[in-house]
Amino acid sequence: MRVRWWSFLGTVLAYAAAASWAAVSGPDPFPTHFGLSGQPDSWTPRAEAVSLHAGIAAGIAVLFAGLALAAPRLPAAVVNTPRRDYWLTPEHRSAFDEILSGFFLWTGGLILVLQAATFVVTVIDPTETAAKSTILILFLVALVGSIGYLVWLLLHPPKRSATTRGARPGRTGSRSSR
């Protein structure tokens, strides 16, 4: 497995640890919704709330893993990307698929980290608002930054292909002895 898949698996495991802790140590009833002020405005029995959140997180993990696996199988006709003439050529399509798959795994991982962090803060103090607001702001900054980086990356493909990186034009790989 590649590093990005291990990272995604790490976020899934971090979420599972947070959910397990919430199932054992969380308040009962457990806050299930927070208003704009960060204060809980809906409460549910702990077992039901943790099960609901875990089901949603499992769905998110499966969705983003599925998107990452499906990205290389998308036909070129349905892909709308900047610099389409570059990224969808046969020699660059695999790099495009890697970028897109990595983005899906990163985004899914970010969402799972947001949910895990919210669980942890809720277990520590269900009425805490500053930490939840900070977590949400950090999540949004990371998400917007990730989208911006993806767009920048797709708008600025490498000047040289990966196969010629490091080689100078007009030279062969052998060196002459003096």
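The residue numbering used here restarts from 1 in each chain and proceeds along that chain's sequence as written. Thresholds applied to this predicted model are a pLDDT of at least 70 for local features of residues and 80 or more for the giving and counting of side-chain atom pairs; totals over whole chains, interfaces and linings are not thresholded and use all residues. Neither water nor hydrogens contribute to the side-chain values; these are computed over all heavy atoms in the structure.

## Here's the deal with the overall build of the chain
Selection rule: The helix and strand labels rest on DSSP assignments: H or I over at least four residues marks a helix, E over at least two residues marks a strand, and numbering proceeds from the N terminus. Two residues qualify as a contact provided that any one of their heavy atoms is within 4.5 Å of a heavy atom in the partner residue. Using the Shrake-Rupley algorithm and a 1.4 Å probe, accessible areas are obtained, with residue cover drawn only from the displayed protein chains.
Across its full length, the chain carries five helices and two strands. Beginning at the N terminus, the succession of helices and strands in the chain can be written as α-β-β-α-α-α-α. If you take every contact in the chain between residues at least 6 apart in sequence, the share linking residues at least 24 apart comes to 65%. Surface summary for the chain: the accessible area is close to 11200 Å², and the carbon and sulfur share equals 66%.

## As for the nonpolar core
Under the convention used in this document: Residue types Ala, Val, Leu, Ile, Met, Phe, Trp, Tyr and Cys, when buried and joined through side-chain atoms within 4.5 Å, form a set referred to as a nonpolar core. For every residue, the accessible area (1.4 Å probe, protein chains only) is compared with the maximum for its type, and the residue is labelled buried under 20%, exposed over 50%, or partly exposed between those bounds.
If you look at the biggest cluster of nonpolar residues, it comprises 39 residues, and the most contacted ones within it are Phe96, Phe104 and Phe119. When residues of this core are traced back to their parent elements, those giving at least two are helix H1 (3–25), helix H2 (46–70), helix H3 (84–87), helix H4 (93–124) and helix H5 (130–155). Sort the elements by how many residues they give to this core and H4 lands first, with 14 residues. Setting aside its immediate chain neighbours within four residues, Phe96 contacts Val79, Thr81, Trp87, Leu88 and Leu154.

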